[in-house]
Amino acid sequence: MSTQQKLRLAVIGCGFFAQNHLHAWSEIPEVELIAVCDRDPARAEAARQRFGAPAAYTDVEAMLRAERLDFVDIATTMETHRALVGLAAAHGVHVIVQKPLAPSWEDCAAIVESCRAANVRLMVHENFRFQSPILAVRKAVAEGRIGTPHFAQLSFRSGYDVYSGQPYLATEKRFILIDLGIHILDVCRAIMGEAQTLYCLTQQVNPEIAGEDVATTLIRHAGGGVSIVDCSYSSRRLPELFPQTILRIEGSAGTIELLEGYRLRVTSNGAVEERDAEPVTPGWTEKPWHVVQESVLNLQRHWISAWMNGTDPETSGVDNLRTYGLVMAAYASAERGGAVVPAAPVP
Ligand SMILES: NC(=O)c1ccc[n+]([C@@H]2O[C@H](COP(=O)([O-])OP(=O)(O)OC[C@H]3O[C@@H](n4cnc5c(N)ncnc54)[C@H](O)[C@@H]3O)[C@@H](O)[C@H]2O)c1
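Residues numbered from 1 in each chain as written. Predicted model: local features only at pLDDT ≥ 70, side-chain atom pairs only at ≥ 80, totals over all residues. Heavy atoms only, no water.

Visitor: What exactly am I supposed to notice about a nonpolar patch on the surface here?
Guide: Together, Tyr199, Leu201 and Leu218 make up an exposed nonpolar region whose accessible area comes to about 280 Å². Along the chain, Leu218 falls in strand S9 (residues 214-221). (Patch = residues over 30% accessible without salt bridge, like charges linked within 9 Å, V, L, I, M, F, W, Y side chains within 5 Å. Areas by Shrake-Rupley, 256 points an atom, 1.4 Å probe, with all protein chains shown as cover. Salt bridge = Lys/Arg side-chain N within 4 Å of Asp/Glu carboxyl O. Helix = DSSP H or I, 4+ residues; strand = E, 2+ residues; numbered from the N terminus.)

Visitor: Any chance you could explain the pairing of strand S2 (residues 31-37) here in plain terms?
Guide: A regular strand places its side chains so that they alternate between the two faces of the sheet. The buried fraction of S2 amounts to six of the seven residues, a majority that puts the element mostly inside the structure. A crossover links strand S1 (residues 7-12) with its parallel partner S2, the connecting element being helix H1 (residues 18-25), and its sense is right-handed. As paired strands, S2 and strand S3 (residues 55-57) are joined by three bridges and run parallel to one another. Directly across from Cys37, in S3, lies its bridge partner Tyr57. Running through helix H2 (residues 41-51), the crossover from S2 to the neighbouring parallel element S3 is right-handed. (Buried < 20%, exposed > 50% of the residue type's maximum accessible area, 1.4 Å probe, protein only. Right-handed = clockwise from strand over helix to strand, strands pointing away. Pairing = 2+ DSSP bridges.)

Visitor: It is not clear to me how the state of the cysteines should be interpreted in this structure. Could you clarify?
Guide: A covalent bond bridging the sulfur atoms of two cysteines is what the word disulfide describes. Applying the stated criterion to the full structure yields zero disulfides. Between Cys37, a cysteine without a disulfide, and Cys14, which holds the nearest cysteine sulfur, the sulfur-to-sulfur distance is 7.2 Å. In this structure Cys231 is not part of a disulfide, and its nearest cysteine sulfur, from Cys200, lies 8.8 Å away. (Disulfide = S-S within 2.5 Å.)

Visitor: Help me out: how do you make sense of the domain arrangement of the protein in this one?
Guide: Put simply, an interface is often sized by how much accessible area is lost when its parts join up. As assigned here, the protein comprises domain 1 (3-120) and domain 2 (128-306 + 314-336). Placing the centre of domain 1 and that of domain 2 at their C-alpha centroids yields a distance of 26 Å. The interface of domain 1 with domain 2 comprises 30 residues on the first partner and 25 residues on the second. The largest contributions to the domain 1 side of the interface with domain 2 come from Phe16, Lys99 and Trp105, which together make up 24% of the buried area. Where domain 1 packs against domain 2, one counts one salt bridge. A salt bridge links Asp179 to Lys99; its shortest N-O distance comes to 3.3 Å. Counting every contact that joins domain 1 to domain 2 gives eight residue pairs in polar contact (both at pLDDT 80 or more). For the side of domain 1 that touches domain 2, the elements supplying multiple residues, two or more each, are H1, strand S4 (71-74), strand S5 (94-98) and helix H5 (105-118). In terms of residue class, the side of domain 1 that touches domain 2 is built from 19 nonpolar, six polar and five charged. (Domains from an automatic or database assignment. Contact = heavy atoms within 4.5 Å. Buried area = accessible area lost by both parts, 1.4 Å probe. Polar contact = N/O pair within 3.5 Å; in protein donor to acceptor, adjacent residues only side chain to side chain. Nonpolar A, V, L, I, M, F, W, Y, C, P; charged D, E, K, R; others polar.)

Spelled out as structure tokens, the structure:
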């Protein structure tokens, strides 16, 4: 692809996690970073210098007026997403936006609708399903190695101090389900299919934060399978597993397990294979975040290939409404008690 044909990108929000977006874009030859934008001028300028962007802005609308862009990558927190996606769509600029899509279902639906109405592509940065070990699990299931899956357990249990890098997490009244559970529920959907009904119990173990930090969700899927998705940021054990998702999928012909240390064990028709599924990750990644960081690169490559093929990305806005619906149903179940049927996505 020649320089002229490169897709012209601006990254909006240059905070904690955006550094991973920016590093990953610098590895993708089809994309040219045209500008960065953060309402904090020091952050915008630091990102401009570090990643060699020609321009830095503090105002998104000013940037959209001044620059000719193909797409923006929004890495701000969720309260800003509706307004920022709306601005990009109004300028006919395609959008990637970080999870969670927005604080409410109404905002999420409005985001999806604004992109549909403006005919711009929308992908939610829902990256856990693009982690290499999880891609390996999904591939084994898709190849039929375990037959038809009927049970899954996906666990993310950690005592890692997420609050120092992301201080806003300590003050959110709704915390682990919407911040972290959303990823694990999305992976569960990607493997086990849509949820028909779910039941969730939440706990607040850490007294110093505002929201729930442990959530256990039981799901019945439309295909009849059952899953348990359990998440915790109050699990004290060594070795600390952050940010590993431990999972087990049982099917009619075998079981797939993603174990501690990224060991992948597949029992298929009575034979067992075990291998190391930890990927070799780029030099800018850093343990223990490396597998998450690499999934950012995998997700961005997916955006480019979907763009080139003219297909919807896997984690399109409409797709992500289904995952978001699981989170809302989980909160409703935890608050009211009893099982809840997740909301249907907006068509
Ligand atoms: N997918 C993942 O694995 C993952 C991991 C961590 C965080 N995240 C998500 O990334 C998002 C950002 O999180 P973070 O921890 O990097 O937050 P952060 O607060 O460190 O960074 C957000 C940045 O956006 C800027 N900003 C806010 N509003 C703006 C606006 N209107 N215009 C321009 N800039 C604006 C802020 O100044 C800040 O620098 C959140 O939605 C979070 O859930 C995702």
